Amino acid sequence: MGFDQIAEALGDQARRQILLELLDHNPVDGPEAFEENDARETEEYKVELVHTHLPKLDDMDYIVWERDYDNILKGSNWEEIEPVVRLLSDNRERIPNNTF
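Enquirer: Mind laying out the packing of helix 2 (residues 13-24) against helix 5 (residues 78-90), listing which residues take part and the relevant values?
Expert: Relative orientation of the contacting elements helix 2 and helix 5 amounts to 95 degrees, with a least axis distance of 10 Å. Classed by the angle they form, the pair helix 2 and helix 5 counts as roughly perpendicular. Contacts between helix 2 and helix 5 involve Leu19, Leu20, Leu22 and Leu23 from the former and Trp78, Ile81, Glu82, Val85, Arg86 and Ser89 from the latter. Grouping the amino acids of the contact of helix 2 with helix 5 by side-chain chemistry returns seven nonpolar, one polar and two charged.

Below is the structure:
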């Protein structure tokens with residue numbers, strides 16, 4: 001694994017939200033936690049979250065998405081991406097608002 005994979009994981013606002021939420025809360029209650037907090041709360045967004053973003057992060061092992069239990073946990077590769085997610089979190093005030 002390398003920085004290209006980290007960049008791909010962080011390449012979408014929805015995935016950044018998931019990773020930032022896991023930084024402070026492990027586990028996170030299923031996809032509904034992100035649907036409620038997202039201004040783009042549309043059916044299309046919900047479909048993308050469930051069919052694209054969560055599976056992608058799960059495949060990268062940054063998260064474990066336990067669909068049957070409706071929760072999201074830090075994955076086995078979390079330690080690889082955690083420093084970059086923490087850097088983003090610690091510098092939110094310097095980063096454009098639409099980043100997260």
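Enquirer: Just give me the short version of the sheet that holds strand 3 (residues 71-74), but keep the residues and values in it.
Expert: Read from one edge of the open sheet, three strands run 1-3-2, paired in antiparallel fashion. With partners counted over all chains shown, the strands left at the sheet margins are strand 1 (28-29) and strand 2 (63-66), one partner each. On the sheet, helix 2 packs against strand 1, strand 2 and strand 3 and is oriented at approximately 70 degrees with respect to strand 3.

Enquirer: Can you tell me about the packing of helix 2 against helix 4 (residues 43-59), naming the residues and giving the values?
Expert: With their axes 10 Å apart at the nearest point, helix 2 and helix 4 run at an angle of 65 degrees to one another. Here helix 2 and helix 4 pass one another in a crossing that is right-handed. Where helix 2 approaches helix 4, its residues Ala14, Arg15, Gln17, Ile18 and Leu19 are matched on the opposing element by Tyr45, Leu49, His53, Leu54, Lys56 and Leu57. Of the residues in the contact of helix 2 with helix 4, the class split is seven nonpolar, two polar and two charged.

Enquirer: Describe the environment of Ile81, naming the residues involved and giving the relevant values.
Expert: With respect to the helices, strands and loops of the structure, Ile81 is situated in helix 5. On the basis of relative accessibility, which here comes to 0%, the residue Ile81 falls in the buried class. Separated by 71 residues in the primary sequence, Ile81 and Leu10 place their C-alpha atoms 9.2 Å from one another.

Procedures and definitions
- All residue numbers here refer to positions counted from 1 along the written sequence of the relevant chain.
- In keeping with the model being predicted, local features are shown solely for residues with a pLDDT of at least 70 and side-chain atom pairs are shown and tallied solely at 80 or more, while totals for entire chains, interfaces and linings include all residues.
- Excluded from the side-chain calculations are hydrogens and water; all other atoms, namely the structure's heavy atoms, are used.
- Between the N-to-C directions of two axes lies an angle of 0 to 180 degrees, each axis being a line fitted to C-alpha atoms and, for a helix, fitted only over the stretch in contact.
- Counting from the N terminus, the helices are DSSP H or I runs at least four residues long and the strands are E runs at least two residues long.
- Any angle between 65 and 115 degrees counts as roughly perpendicular, while under 35 counts as roughly parallel, over 145 as roughly antiparallel, and the rest as oblique.
- Any two residues whose heavy atoms approach within 4.5 Å are treated as being in contact.
- Here the nonpolar group is Ala, Val, Leu, Ile, Met, Phe, Trp, Tyr, Cys and Pro; Asp, Glu, Lys and Arg are the charged ones; every other residue, Gly included, is treated as polar.
- Strands pair, by our definition, only if DSSP identifies at least two bridges between them.
- The hand of a helix crossing depends on one turn: near helix anticlockwise from the far one by less than a right angle means left-handed, and clockwise means right-handed.
- The buried label applies to any residue whose accessible area, calculated with a 1.4 Å probe on protein chains only, is under 20% of its type's maximum; exposed applies above 50%, and partly exposed to all values in between.

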